[in-house]
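Letter by letter, the chains look like this.
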Amino acid sequence: MRARRTQQGSAGAPPRVPDRHLVYAVGDIHGRADLLERMLAQIADDAARRPDFAKYIIYLGDYVDRGPDSALVVERLLAGPPPGFGAIHLKGNHEVALLDFLNDVRIGPTWFADNIGGGMTVASYGVLPPADPNDPDHLAAAQAHFRAALPAAHRAFLTKDLRTHVTIGDYLFVHAGIRPGVPLAEQREEDLLWIRRDFLNSTADHGKIVVHGHTIAPEPEQRANRIGIDTGAYATGRLTCLALEGAEQRFLST
């Protein structure tokens, strides 16, 4: 764990979450159920020193693909946060890709590509990935088996329970980022889930500090207008969490 303080905000004061609140933002999990369990234990331990505070965990999306245990990650999230916590689950682009494949086999060649990792997801549900991800018949068979294997509760979670963003205090939490210069109410979901360069390179004041995942970096990235916390957990073994208390920022890491 290490503590840091961000730059001054536009009003001359550091960004804050409401008093007597603890907010924990968890980066991209990508099928690493083992790291999720370790992180939840760290969060519970960190929060124990403030037993009378309101406590929330915000998951920034990308629960599936790439890592070996997507099904276990979703099951663990469905089991709820540690006692005394509220939980908010945001949608990532990988959840969208999974749902797109359930509805349209044409997404298959993209989803099953090694850099996306859909094959790891279906395998975690006991389904063999297609031997040829470009063969329509193989894709149709994989889709049918995956539809049958995906529990109704998991499908409901992925289709109904995920939000695109949430604002707490001076922070906006979202999977990928926002389109600079566009009011939040007018943001396109595609940008909230997929944007990179235009957001990452922007020095604009977004009105809130944007906390996001989606783009991997070896360390958490703290900029004047954003904090990125995707540290590539599926490959590095390092799942990162941003802990916010008043004007303080801390990082937890597996």
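In the block above lies the structure referred to throughout.
What you see is a predicted model; the values in this text were computed from it and never measured.

Participant: Could you clarify how one ought to interpret the nonpolar core in this entry?
Facilitator: Nonpolar side chains tend toward joint burial in soluble globular proteins. The biggest cluster of nonpolar side chains holds 44 residues, and the ones touching the most others in it are Tyr-24, Val-26, Ile-43, Tyr-59, Tyr-63, Trp-111 and Phe-146. Every element with two or more residues in this core is listed here: strand 2 (21-26), helix 1 (33-47), strand 3 (54-59), helix 2 (70-78), helix 3 (93-103), helix 6 (136-149), helix 7 (152-160) and strand 10 (240-245). The biggest single contributor to this core is helix 1, with 7 residues. Once you skip the residues sitting within four places of it in the chain, Tyr-59 turns out to touch Val-26, Ile-29, Leu-36, Leu-40, Leu-77, Ala-87, Ile-88, His-89 and Leu-90. Counting 18 residues, the second-largest nonpolar core is a separate cluster that includes Leu-90, Ile-209, Leu-242 and Leu-244.

Participant: Explain the packing of aromatic side chains to me, please; I cannot follow it from the model alone.
Facilitator: Any two aromatic rings considered together are summarised by their centre-to-centre distance and by the angle between their planes. For the structure on display, the rule yields 9 aromatic pairs. Consider the rings of Tyr-24 and Phe-85, whose centres lie 6.1 Å apart with planes at 55°: the pair is tilted. One end of the pair, Tyr-24, is in strand 2; the other, Phe-85, is in strand 4 (residues 85-89), with 61 residues separating them in the sequence. Grouping residues by exposure puts Tyr-24 and Phe-85 together as buried. A centroid spacing of 5.2 Å and a plane angle of 35° characterise the contact between Phe-101 and Trp-111, whose relative ring orientation is tilted. In this pair, Phe-101 is assigned in helix 3 and Trp-111 in helix 4 (residues 108-111), connecting sequence segments 10 residues apart. When sorted by exposure, Phe-101 lands in the same class as Trp-111, which is buried. Each residue in the set Phe-101, Trp-111, Phe-112, Tyr-125 and Phe-146 is aromatic and connected to the rest through ring pairs, giving one cluster.

Participant: I would appreciate a short explanation of the packing of helix 3 against helix 6 in the present structure.
Facilitator: Relative orientation and spacing of two packed helices are given, respectively, by the angle between their axes and the distance between those axes. The contact between helix 3 and helix 6 brings their axes to 9 Å, and the two run at 110°. For the element pair helix 3 / helix 6, the angle class is roughly perpendicular. Contact residues: helix 3 offers Leu-98, Phe-101, Leu-102 and Asn-103, while helix 6 offers Leu-139, Ala-142, Gln-143, Phe-146 and Arg-147. Split into classes, the residues belonging to the contact of helix 3 with helix 6 amount to 6 nonpolar, 2 polar and 1 charged.

Participant: Just to check I follow, could you spell out the environment of Leu-184 for this structure?
Facilitator: Summarising the element assignment, Leu-184 is placed in the loop between strand 6 (171-174) and helix 8 (189-194). Residue Leu-184 is classed as partly exposed on the basis of its relative accessible area, which comes to 35%. Placed 19 residues apart in sequence, Leu-184 and His-165 show a C-alpha to C-alpha distance of 9.5 Å. When near neighbours in sequence (up to four residues on either side) are disregarded, Leu-184 contacts His-165, Thr-167 and Leu-172.

Rules and cut-offs
- Residues numbered from 1 in each chain as written.
- Predicted model: local features only at pLDDT ≥ 70, side-chain atom pairs only at ≥ 80, totals over all residues.
- Heavy atoms only, no water.
- Core = buried A, V, L, I, M, F, W, Y, C linked by side-chain atoms within 4.5 Å.
- Buried < 20%, exposed > 50% of the residue type's maximum accessible area, 1.4 Å probe, protein only.
- Helix = DSSP H or I, 4+ residues; strand = E, 2+ residues; numbered from the N terminus.
- Contact = heavy atoms within 4.5 Å.
- Phe/Tyr/Trp six-rings, centres within 6.5 Å; stacked < 30°, edge-to-face > 60°.
- Axes fitted to C-alpha atoms, helices over the stretch in contact; angles between N-to-C directions.
- Parallel < 35°, antiparallel > 145°, perpendicular 65-115°, else oblique.
- Nonpolar A, V, L, I, M, F, W, Y, C, P; charged D, E, K, R; others polar.

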